[in-house]
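Working through the structure, step by step
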Amino acid sequence: MSKTRLSAFRVIELGSLAAGAYAARLFADFGAEVIKVEPVAGDPGRSFPPLVDGTSGWFAYLNFGKKSVTADTVALDQLLAGADVLIDSSGSDHAAAHSHLVAIDLSWFGQSGPYRDFKTTDAVCRALAGFVQLIGPETGPPLTLPDYQSAIMGGLGAFIPAMATLLGRQSRRYDVSVHEATIALAEYQAIEAWATGVPQKRWGFNRFTPTYPMGVYRCKEGWIGITIVTPAQWKSFCDLMGMPDLGRHPQHVMGPERLARADALEARFIPRFLDRTAEEWFAAALELRLPFAIVPDMEQVLTWPVFRDRKAIVPIAMEERTVEAPGSPFHLTRTPANFGGTVPKPGEHNGRIAARSEAPRTTSRTARPLERLRIVDLSMGWAGPVCTRNLADLGADVIKIEACGYPDWWRGVDNRAETVAQRLYEKSSRFNIMNRGKRAITLDLTVPDGVALAKALIKDADAVIENYSAEVLRKFGLDYTELAKVNPSLVMVSMAAFGATGPWRETRAYGSTLEQGSGLPRVGGRADDPPMMNHLAYGDAVGGLNACSAMLIALLHRRETGEGQFIDLSQVQCMLPFTAAWAIEQSANGRLAPRAGNRHPFYVPHGIFPSAGVDRWVSIAVTDDAMWQSLARIIGIDDDALVMAAGRRAQEDRIEAAIAAWTVSRSSDDAMTILQQAGVAAGAVRHPKDLLDDPHLVARGFWQWIERAYVGRHPQPSPPYRDAPTPIAVRTPAATLGEYNEQVLGGLLGLSQVELERLARDNVIGKEALPPAQRKARAMTG
């Protein structure tokens with residue numbers, strides 16, 4: 001194992017925000033010296049559930065591998081003078097006097113805007129981020145996980161700009177918003193609602209639009225998760241389930257058509273799942289390349305060979321106990337993460353931190369920290385493109401490769417002749433927000449000319465990312481083994497569902513499959529509910545942000561050593577941090593507490609309540625006894641038995657009824673405003689479409705409006721990090737198919753106009769998608 005990794009860096013963590021702790025722990029995973037500065041009494045997170053012998057399992061997960069000092073024992077300015085990175089969620093201005101730092105000012109809602117000083121929790125933040133409204137029973141209320149989700153998103157949103165700035169040899173200060181980081185999970189639905197004028201609705205358990213069927217279903221033994229997108233997948237699914245007549249029905253070609261007939265279709269296929277075990281269905285789906293996943297419980301998550309063989313489950317030593325939990329999801333093959341670690345006691349390292357003078361640093365000041373990097377992007381859909389979108393936003397030159405016969409599937413999977421003729425693939429709003437700032441070209445990788453040109457681009461690139469199935473690039477001669485011969489210092493990220501090795505390496509997956517395979521649906525919802533998926537495609541954005549983080553670590557190692565490496569990312573493993581609290585509870589106790597819907601194991605009351613209007617709701621959380629007094633005055637409860645949380649827990653039904661009686665006559669925004677003014681954590685449950693008009697996001701300039709061919713003026717979400725009062729500007733809109741062929745192939749590779757014209761005649765390159773008949777012909781001859 002190389003020792004370079006991040007061992008040269010010292011990271012100081014201030015504040016108690018879980019997102020900050022997670023960002024700092026990602027540094028610790030790869031050898032950075034992370035010093036957590038706690039209050040004298042210890043970080044308040046040490047008492048947060050789940051508790052293991054009185055110690056927080058969640059705190060343990062966020063903080064293993066760090067050092068702890070208490071604020072009364074350190075000269076903070078001296079400590080910061082010798083540091084490289086500051087992750088500060090304390091709300092204080094500690095970075096101002098230390099301009100050499102990469103400084104992250106991390107907060108729930110950013111340093112500006114009307115929500116800046118809001119009281120909030122993980123669930124309230126998700127409600128305001130559009131991540132709650134579409135999940136749960138059709139009639140409501142929406143259901144959400146109690147905690148532990150926005151913390152991971154915010155941590156990734158902080159880690160990425162910090163790593164990029166270290167890689168670019170710069171010092172910068174970023175304002176990072178956990179709220180905006182969480183919007184990465186809702187921006188797709190927001191932009192689709194804007195483009196179509198038809199916002200998605202909450203369809204109930206196991207129903208989502210535009211993909212159907214997609215959900216979790218009971219089997220003879222266990223639960224199976226399925227996602228059926230394309231017409232070909234639907235036909236194969238129906239054949240597998242013994243209902244070929246439905247697979248060939250003209251009214252069932254696309255997901256929305258099937259969703260409109262969901263009751264009748266489910267009456268046919270749901271009983272069939274009871275004929276086999278989840279393992280048997282999964283094995284059958286692997287043969288047919290259908291996106292199925294066994295949906296594990298937490299015991300299976302901790303024991304499955306597919307995770308343990310990859311060292312995805314690690315030991316965490318906490319006090320007198322050692323528990324197991326998910327480790328780093330960044331599977332770097334040359335510079336792997338630490339395998340577990342120890343949770344420091346409060347102040348354990350007081351007086352033991354070595355003095356460190358400010359290290360001289362070669363600095364580079366470009367407009368964006370990654371401007372000297374070139375990335376070749378072979379990925380499609382959501383996960384890979386959101387990785388390279390972040391890299392492009394931070395300055396990298398991203399060259400995206402598609403093919404006229406196989407464009408990025410987020411341009412659309414409806415390949416009927418009339419769809420292609422109308423160039424609807426140029427009007428996909430979801431494609432356009434994921435692929436801004438990149439130079440897109442076309443190359444047919446099934447023919448030698450296309451492969452040769454791809455290798456020529458990769459020869460001088462810093463990194464490549466791809467999310468093809470495991471064997472595809474090997475067949476093309478574009479796998480890491482072959483590309484490393486062309487470029488020995490190349491960093492390559494592969495994004496298979498369960499990784500590039502092992503018996504499940506060929507699993508076909510979408511973002512929904514990744515959540516299903518992580519076990520997260522098994523911990524959400526109410527006690528008698530089926531496993532509850534928490535998002536249309538949770539794993540896509542998550543996989544992309546993890547891929548970006550892992551790539552930046554590998555690129556920094558490459559900068560220092562000249563060594564490239566292969567990053568074997570398992571996107572299912574990237575989802576495991578969202579299950580960590582439950583995994584630790586399972587590891588420590590051998591079981592989980594019963595599911596409790598919108599209630600919280602620590603905060604009481606905690607839930608989602610009706611407000612005035614159709615399907616309108618407000619999320620409310622009482623985080624301490626003083627906050628309860630404020631809420632009680634507003635809703636008209638005066639009862640000494642409810643002063644303490646234990647008393648309120650015994651009367652949750654009564655309290656929730658009183659809250660609902662108060663909220664139902666007010667708009668969600670009015671209820672939120674009244675409660676926030678009284679110091680109560682509350683947030684309107686935003687529909688994703690509402691995010692475009694959200695007053696806080698508008699005030700922060702989060703949506704940037706730009707022009708693009710075929711679409712015109714349209715909104716783009718900003719990154720959750722900014723190094724100025726305004727967001728990092730979008731440089732260019734998403735490219736049209738093959739828009740940069742001449743600039744890249746001619747300008748970078750030096751091809752003549754004659755050569756470009758020949759390649760176009762041979763359909764190796766082009767600027768229009770091939771119609772279905774020509775695609776089939778090329779597939780037969782390629």
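Residues numbered from 1 in each chain as written. Predicted model: local features only at pLDDT ≥ 70, side-chain atom pairs only at ≥ 80, totals over all residues. Heavy atoms only, no water.

Attention now moves to the overall build of the protein chain. Tallying secondary structure elements over the protein chain gives 32 helices and 26 strands in all. Relative to the 2.2 N^0.38 estimate, which gives 28 Å for 782 residues, the radius of gyration of the protein chain is 26 Å and therefore close to what a compact globule would have. Reported as C-alpha extents along the three principal axes, the dimensions of the protein chain are approximately 80 × 65 × 50 Å. For the protein chain, the proportion of its 782 residues judged to be buried stands at 62%. Look at the contacts in the protein chain between residues 6 or more apart in sequence, and 76% of them connect residues 24 or more apart. Accessible area of the protein chain: about 27,700 Å², with a carbon and sulfur share of 52%. On the protein chain, the mean spot of the 83 positive side-chain charges and the mean spot of the 86 negative ones are 3 Å from each other. (Helix = DSSP H or I, 4+ residues; strand = E, 2+ residues; numbered from the N terminus. Rg over C-alpha atoms; globule rule 2.2 N^0.38 Å. Buried < 20%, exposed > 50% of the residue type's maximum accessible area, 1.4 Å probe, protein only. Contact = heavy atoms within 4.5 Å. Areas by Shrake-Rupley, 256 points an atom, 1.4 Å probe, with all protein chains shown as cover. Lys, Arg positive; Asp, Glu negative; His and termini not counted. Charge placed at Lys NZ, Arg CZ, Asp CG, Glu CD.)

Before going further, it helps to examine the pattern of salt bridges. A full pass over the atoms with the stated rule returns 57 salt bridges. Salt-bridge contacts for E180 lead to R700; the nearest nitrogen and oxygen are separated by 2.6 Å. One end of the pair, E180, is in helix α6 (residues 178–182); the other, R700, is in the loop between α29 (695–699) and β24 (703–708), with 520 residues separating them in the sequence. Assessed through its relative accessible area of 2%, E180 is described here as buried. Accessibility expressed as a relative area gives 2% for R700, which makes it buried. A single salt-bridge network, built from bridges that share partners, covers R599, R649, E652, D653 and E656. (Salt bridge = Lys/Arg side-chain N within 4 Å of Asp/Glu carboxyl O.)

The geometry of an aromatic ring pair is captured by the separation of the ring centres together with the interplanar angle, meaning the angle of the planes. Overall, the coordinates contain 35 aromatic pairs when judged by the stated rule. Centre to centre, the rings of F48 and Y148 are 6.3 Å apart; their planes meet at 85°, and the pair counts as edge-to-face. Here F48 is found in the loop between β2 (33–38) and β3 (51–52), whereas its partner Y148 is found in the loop between α4 (122–128) and α5 (150–167), with 100 residues between them in sequence. Taken as a pair, F48 and Y148 share a single burial class, namely buried. What links up through ring pairs into an aromatic cluster is the set Y22, F48, W58, Y61, Y148, W582, F602 and Y603. Seen from the ring of W281, R276 lies directly overhead, with NZ or CZ sitting 4.5 Å from the centre. The positively charged end of R508 is found above the aromatic ring belonging to W409, 5.8 Å away from the centroid. (Phe/Tyr/Trp six-rings, centres within 6.5 Å; stacked < 30°, edge-to-face > 60°. Lys NZ or Arg CZ within 6 Å of the ring centre and 35° of its normal.)

Turning to helix α22 (residues 538–561), a few remarks are in order. Its 24 residues give α22 an end-to-end C-alpha distance of 35 Å, which sits within 8% of 34 Å, the value for a rise of 1.5 Å per residue. Within α22, 21 of the 24 residues are buried, which leaves it mostly tucked inside the rest of the structure. G562 lies just past α22 and shows a positive phi near 80°. (Expected span 1.5 Å × (residues − 1).)

Let us now look at the sheet that holds strand β23 (residues 681–684). Strands pair in a sheet through their backbones, by hydrogen bonds, and they do so in one of two ways: parallel or antiparallel. Pairing in this open sheet of three strands is antiparallel, and the strands run β21-β22-β23 from one edge to the other. The strands lining the two open edges of the sheet, one partner per strand, are β21 (606–610) and β23. Strand-to-strand twist in this sheet, taken as the mean axis angle between neighbours without regard to direction, amounts to 20°. Here β21 pairs with strand β22 (residues 617–621) via five bridges, running antiparallel. Each residue of the ladder has a partner; that of P610, found in β22, is W617. (Pairing = 2+ DSSP bridges. Axes fitted to C-alpha atoms, helices over the stretch in contact; angles between N-to-C directions.)

Moving on to the environment of A32. Following the sequence through the fold, A32 ends up in the loop between α1 (18–29) and β2. A32 sits in the buried class, given a relative accessible area of 6%. Along the sequence, A32 and I294 sit 262 residues apart, while their C-alpha atoms lie 36 Å from each other. Ignoring anything within four residues of it in the chain, the contact list for A32 reads L6, S7, F9, V11 and F27.

Two elements in contact, helix α25 (residues 625–635) and helix α27 (residues 652–663), have axes whose closest approach is 10 Å; the angle formed by their N-to-C orientations is 55°. Comparing their axes, α27 and α25 come out oblique. Of the two possible hands of crossing, α25 and α27 adopt the one that is left-handed. For the pair formed by α25 and α27, the contact residues are W628, L631, I634 and I635 on the first element and I655, A658, I659 and W662 on the second. Looking at the contact of α25 with α27 residue by residue, the classes come out as eight nonpolar, no polar and no charged. (Parallel < 35°, antiparallel > 145°, perpendicular 65-115°, else oblique. Left-handed = near helix turned anticlockwise from the far one by under 90°. Nonpolar A, V, L, I, M, F, W, Y, C, P; charged D, E, K, R; others polar.)

Before going further, it helps to examine the environment of E257. Along the chain, the position of E257 falls in helix α10 (residues 255–259). For E257 and E324, which are 67 residues apart along the polypeptide, the C-alpha to C-alpha distance reads 44 Å. In contact with E257, other than residues within four places in its own chain, are P250, Q251 and H252.

On the secondary structure map, H535 appears in the loop between α21 (511–518) and α22. Residue H535 is classed as buried on the basis of its relative accessible area, which comes to 3%. In this structure the side chain of H535 is engaged in a polar contact, spanning 2.3 Å, whose partner is the backbone oxygen of L185. (Polar contact = N/O pair within 3.5 Å; in protein donor to acceptor, adjacent residues only side chain to side chain.)

If you walk across this open sheet you meet the seven strands as β5-β2-β1-β6-β7-β8-β26, and the pairing is mixed. In this open sheet, the two edge strands, each paired with only one partner strand, are β5 (67–70) and β26 (721–722). The pairing of β2 with β5 spans four bridges and is classified as parallel. Pairing of I35 across the sheet is with K67, part of β5.

Attention shifts here to the pairing of strand β17 (residues 439–442). Burial along β17 is two-sided: the residues R439 and I441 and A440 and T442 are all buried. Here strand β16 (residues 397–402) runs beside β17; their pairing, made up of four bridges, is parallel. Its bridge partner being in β17, K400 is matched across the sheet by A440.

Now for the side chain of Q133. Inspection of the secondary structure puts Q133 in the loop between α4 and α5. At 2.9 Å, the side chain of Q133 and the side chain of D615 are in polar contact. Beyond its immediate stretch of four places on either side in the chain, Q133 contacts P142, R202, D615, W617, V685, R686 and H687.

Right, let's get into unusual backbone geometry. Trans peptide bonds make up the majority, and among non-glycine residues the majority have a negative phi. A cis amide bond, omega -5°, links G140 with the succeeding residue P141. By the secondary structure assignment, P141 is in the loop between α4 and α5. Going from V604 to P605, the amide bond is cis rather than trans, its omega being 0°. Looking at where P605 falls in the secondary structure, it is placed in the loop between α24 (580–589) and β21. Even without being glycine, N206 reaches a positive phi, approximately 65°. Within the secondary structure, N206 is located in the loop between α7 (187–196) and β9 (214–218).

Our next topic: the confidence of the model for the protein chain. Per-residue confidence for the protein chain gives a mean pLDDT of 95, with 97% of residues at or over 70. Below a pLDDT of 50 lies the segment residues 776–782, which in the model reaches six contacts outside its immediate sequence neighbourhood of four places, other chains included. (pLDDT = per-residue confidence, 0-100.)

Once that is clear, we can look at the packing of α21 against α22. It is the contact of α21 with α22, at a shortest axis distance of 5 Å, that shows an interaxial angle of 90°. Between α21 and α22, the angle is such that the two are roughly perpendicular. The segment α21 lies against α22, with G511, L514 and E515 engaging Y538, G539 and D540.

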